[in-house]
Amino acid sequence: MRLRMLGATFLLALREIRRHLLRSFLTTLGIIIGVAAVITMVTLGRGLTANVQEDIAGLGSNVFIVFPESVEERQPAPFDDMDVAAVERQIPGVVNAAGSSQTPAVAFHNGQDWSTTVQGADAAFFAAQSIEVVEGRGFSQRESERGESVCILGPKIVDEIFVEDAVLGETMRVGNVSCLVVGVIDERSNAVGGGQDADDVVLMPLKTVQRRFTGGTNIQFFVVKYDDSYTSASIQQQLIDLLRERRVIQEGEANDFNIVDTADINDTVNNVTGTMTAVVTVIAAISLLVGGIGIMNIMLVSVTERTREIGIRLAIGALAKEVRLQFLTEAVVLCCFGGLIGILLAFGLSITLASAIDLPFLFDPTVNIISFLFSAAMGMIFGYYPAHQASKLDPIDALRHE
Amino acid sequence: MSEAPLIQLEGITKTFGTGPAAFQALKGVDLSIERGDFVAIMGPSGSGKSTTMNILGCLDTPTSGIFRFRNVEVQSLSRDQRSLLRRRYLGFVFQGFNLLARTTALENVELPLLYRGESKKARREAAERSLDKVGLLPWAGHTPAELSGGQQQRVAIARALVSDPDVLLADEPTGNLDTERSIEIMELLRDLSRSGITVLMVTHEEEMAEFARTIVHFRDGLVQRVVEGKRREVAE
Ligand SMILES: Nc1ncnc2c1ncn2[C@@H]1O[C@H](COP(=O)(O)OP(=O)(O)O)[C@@H](O)[C@H]1O
Ligand SMILES: [Mg+2]
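Residues numbered from 1 in each chain as written. Chains lettered and ligands numbered in written order. Predicted model: local features only at pLDDT ≥ 70, side-chain atom pairs only at ≥ 80, totals over all residues. Heavy atoms only, no water.

## Remarks on the overall build of chain B
A count of helices and strands for chain B gives seven helices and ten strands. Its C-alpha atoms give chain B a radius of gyration of 18 Å, near enough to 18 Å, the size a compact globule of 236 residues would have. Projected onto its principal axes, the C-alpha coordinates of chain B cover approximately 50 × 45 × 40 Å. Buried residues in chain B amount to 56% of all 236 residues. Considering only residue pairs separated by 6 or more positions, chain B has 69% of its internal contacts joining residues 24 or more positions apart. When the accessible surface of chain B is totalled, it reaches about 10300 Å², and 47% of it is carbon and sulfur. (Helix = DSSP H or I, 4+ residues; strand = E, 2+ residues; numbered from the N terminus. Rg over C-alpha atoms; globule rule 2.2 N^0.38 Å. Buried < 20%, exposed > 50% of the residue type's maximum accessible area, 1.4 Å probe, protein only. Contact = heavy atoms within 4.5 Å. Areas by Shrake-Rupley, 256 points an atom, 1.4 Å probe, with all protein chains shown as cover.)

## Examining the overall build of chain A
If you tally the helices and strands in chain A, you get 13 helices and twelve strands. When the backbone C-alpha atoms are referred to their principal axes, chain A occupies close to 100 × 55 × 40 Å. Considering only residue pairs separated by 6 or more positions, chain A has 78% of its internal contacts joining residues 24 or more positions apart. Per element, the accessible surface of chain A, about 19300 Å² overall, is 59% carbon and sulfur. Placing the 29 positive and 46 negative side-chain charges of chain A at their respective mean positions leaves the two points 14 Å apart. (Lys, Arg positive; Asp, Glu negative; His and termini not counted. Charge placed at Lys NZ, Arg CZ, Asp CG, Glu CD.)

## Looking at helix 1 (residues 2–19) of chain A
Helical geometry: 3.6 residues make up each α-helical turn, so side chains three or four residues apart lie on a common side. The end-to-end C-alpha distance of helix 1 of chain A is 26 Å, a good match for the 26 Å that 18 residues give at a rise of 1.5 Å each. Those residues of helix 1 of chain A lying buried are Met5(A), Ala8(A), Thr9(A), Ala13(A), Glu16(A) and Ile17(A). (Expected span 1.5 Å × (residues − 1).)

## Here we look at the sheet that holds strand 8 (residues 198–202) of chain B
All names here are of chain B. The sheet built from six strands is open, its strands ordered 6-7-8-3-9-10 with mixed pairing. The open sheet has two free edges, formed respectively by strand 6 (90–93) and strand 10 (222–228), since each of these has just one partner strand. Each adjacent strand pair in this sheet contributes to an overall mean axis angle of 20°, direction not counted. Two strands pair when backbone bridges link them, and strand 9 (residues 214–219) and strand 10 are joined in this way by six bridges, in the antiparallel orientation. In the strand pairing of strand 10, Phe218 is matched with Val223. Across the face of the sheet, helix 5 (residues 149–161) comes into contact with strand 6 and strand 7 (167–171) while running at roughly 170° to strand 6. (Pairing = 2+ DSSP bridges. Axes fitted to C-alpha atoms, helices over the stretch in contact; angles between N-to-C directions.)

## A look at the packing of aromatic side chains
All names here are of chain B. If you walk through the whole model with that rule in mind, you get eight aromatic pairs over all chains. Ring plane angle 75° and centroid distance 5.9 Å describe the contact between Phe69 and Tyr89, whose orientation is recorded as edge-to-face. Placement of Phe69 in strand 4 (residues 64–69) and of Tyr89 in helix 2 (residues 79–89) is noted, with a sequence separation of 20 residues between them. Comparing Phe69 with Tyr89, the two get one shared label, buried. Between Phe92 and Phe94 the ring centres are 5.8 Å apart and the planes differ by 5°, which places this aromatic pair in the stacked class. (Phe/Tyr/Trp six-rings, centres within 6.5 Å; stacked < 30°, edge-to-face > 60°.)

## Some words on helix 3 (residues 81–90) of chain A
Residues and elements named next belong to chain A. Turning to helix 3, its buried residues are Asp83, Val84, Ala86 and Val87. End-on view of helix 3: buried residues confined to an arc of 160°, all on one side of the axis. Exposed side of helix 3, more than 90 degrees from the buried face: Met82 and Arg89 are the residues found there. Buried residues belonging to helix 3 abut strand 2 (79–80), strand 3 (94–109), strand 10 (218–219), strand 11 (221–226) and helix 8 (232–246). Here helix 3 starts with a cap whose side-chain oxygen sits 3.0 Å from the backbone nitrogen of Met82, and that cap is Asp80. (Arc of directions from axis to C-beta. Polar contact = N/O pair within 3.5 Å; in protein donor to acceptor, adjacent residues only side chain to side chain.)

## A short note on the nonpolar core
Formed by 71 residues in total, the largest nonpolar core has its most connected members in Ile7(B), Phe67(B), Phe69(B) and Leu200(B). Among the elements that make up this core, the one with the highest residue count is helix 11 (residues 320–356) of chain A (nine residues). Excluding residues within four positions of it along the chain, Phe69(B) makes contact with Leu6(B), Ile7(B), Val74(B), Leu85(B), Tyr89(B), Leu90(B) and Val167(B). (Core = buried A, V, L, I, M, F, W, Y, C linked by side-chain atoms within 4.5 Å.)

## Describing the interface of chain A and chain B
Chain A puts 25 residues into the contact, and the matching count from chain B is 28 residues. Interface area for chain A against chain B, summed over the two sides, is near 2400 Å², with a carbon-plus-sulfur share of 56%. Where chain A meets chain B, there are two salt bridges. Between Glu322(A) and Arg87(B) there is a salt bridge whose closest N-O contact spans 2.5 Å. Counting across the chain A and chain B interface gives 13 residue pairs in polar contact (both at pLDDT 80 or more). Where the side of chain A that touches chain B is concerned, the elements lending two or more residues are helix 1, helix 10 (307–315), helix 11, helix 12 (365–392) and helix 13 (395–400) of chain A. Its residues assigned to classes, the side of chain A that touches chain B shows 14 nonpolar, three polar and eight charged. (Buried area = accessible area lost by both parts, 1.4 Å probe. Salt bridge = Lys/Arg side-chain N within 4 Å of Asp/Glu carboxyl O. Nonpolar A, V, L, I, M, F, W, Y, C, P; charged D, E, K, R; others polar.)

## Some thoughts on the pattern of salt bridges
Residue and element names in this part refer to chain A. In total, this model carries 26 salt bridges over all chains according to the counting rule given. With its nearest N and O atoms 3.6 Å apart, the salt bridge here joins Glu148 to Arg146. Residue Arg146 is classed as partly exposed on the basis of its relative accessible area, which comes to 45%. When salt bridges with common partners are traced through the structure, they connect Glu16, Arg19, Arg306, Glu309, Arg313 and Glu330 into a single cluster.

In structure tokens:
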């Protein structure tokens, strides 16, 4: 019996909303915008997080990146091959350590030139950073040991200056070094830490880069991959102790190097996303509050307009709570429509924005459901007062109302 | 043992407003109405007819006095309890028809049954039966705007009848109608009273009051006299 009443009330609410379609739409605009804003931001935030996590996975898990850092303006000593070898040999738990050096260079091919980065990296570095060779092959041990002039290209270079179908076996010039192309790596989007486009790179054996570009045996940074049965903190501590000893840093002096834990990058990104979401939530809350007041306003107007109708209903025996239910239902249905439109709008917006700023679109059912329920709750909260006013009307006065 | 009257008013007063602006519209009304009666309430404008009807219709409560309906003392009931009485036992017809606009005749007539929790099918059937009684079944799908005043008032009567009430209350039901339509409505009310429904009607037209069995004259917030009506018949 209650259910029957609710069904009839629901139909009545739909009819009233249809009668004032434009007014209803304008009324729910606040809710539409609030809901759309929250869902869009949460969805984009998820995409951003996923993107960064993928990049971090590209750096490899259980990986530290170690590079020199100046202390009080003093230029720090660079690392060299010996440091990398010591880390790999002396710290239990380290699976491998691999150094790398990079420098800007101009690549020439087919009469075209292209400013890029040449980076020295050997098999261990490829493994630690999860760099995948998708065409051709990686550097052989012999090529690495002898510092031969071979190179592996980032996909961007291939797109920019190669017109041939097959790039493998081609010879190209980088700076004044001519090298044989033996492989192409996969697209990695933006790797964190590198700064430059990770796809816009020419990789050569580290020894080749040291000999022909940077000189000496110095490296700019190295990566350390450790066994996941060890904790990040314990490896990091040993790393610090060893490097301080090798670099002769006195007690009380600061480290002239920095160790980045890829897990920390993840945390930082999560913090940023969290802050962003919090800001948007506040904006959305304000928008929803304004929207709610709009709902309350229009419901009060509706009650006044329909005073006579309320009088008729009361006269033929409607209970106060039944009249209240009718107007409450109307407010809730109105808000639910607003919520639904907001969800659809957010869907379109998220897809468009995600593709515009190159993020994956990750639909989040939870935030959609919560937003919808929240809209319904807005209807209840802001519809209650007008509905209560309606239910309190005196039937005689209401019937006399013009 | 004779049955107690269906409706009993004892010393009913009604004061509107407070302080110096207070106005006593009813000054001690005593009245008994038997089940099945057809009562016309007459009197000059402002004599308290509508105020009395509102109290009889359980829409309003007296300032003092006792109002018994089916031996229940209505003046001490709550607002919702009075709603339940209206829903179960009373039907209303107003001078201004008071139908829901942009709502079909059938839906208007169904309305009281909604609050009684009847199923959609039962509502439809009863509403159609009720519209048939007032001769408006062919107009079931029309909205009030598409109906004449007389037709609208008959829809209102159908709505009052649909829940099978004990008492039909009509405050100047023919006030907005011409004589011919008014007489049609009177005949309808008379037929209803013959079928056992107690009909209470306010009118200021002598001609309409002639249809009633009992005529109650009001003056200055008091019952002046109660006389027997003429139970007028109209020659076909
Ligand atoms: N709600 C009200 N507030 C103040 N005065 C009222 C109210 N309702 C009726 N009255 C007054 O009470 C008197 C009786 O009114 P009413 O019962 O409507 O008379 P009528 O016999 O014309 O139907 C009138 O003088 C009217 O002005
Ligand atoms: Mg009156």
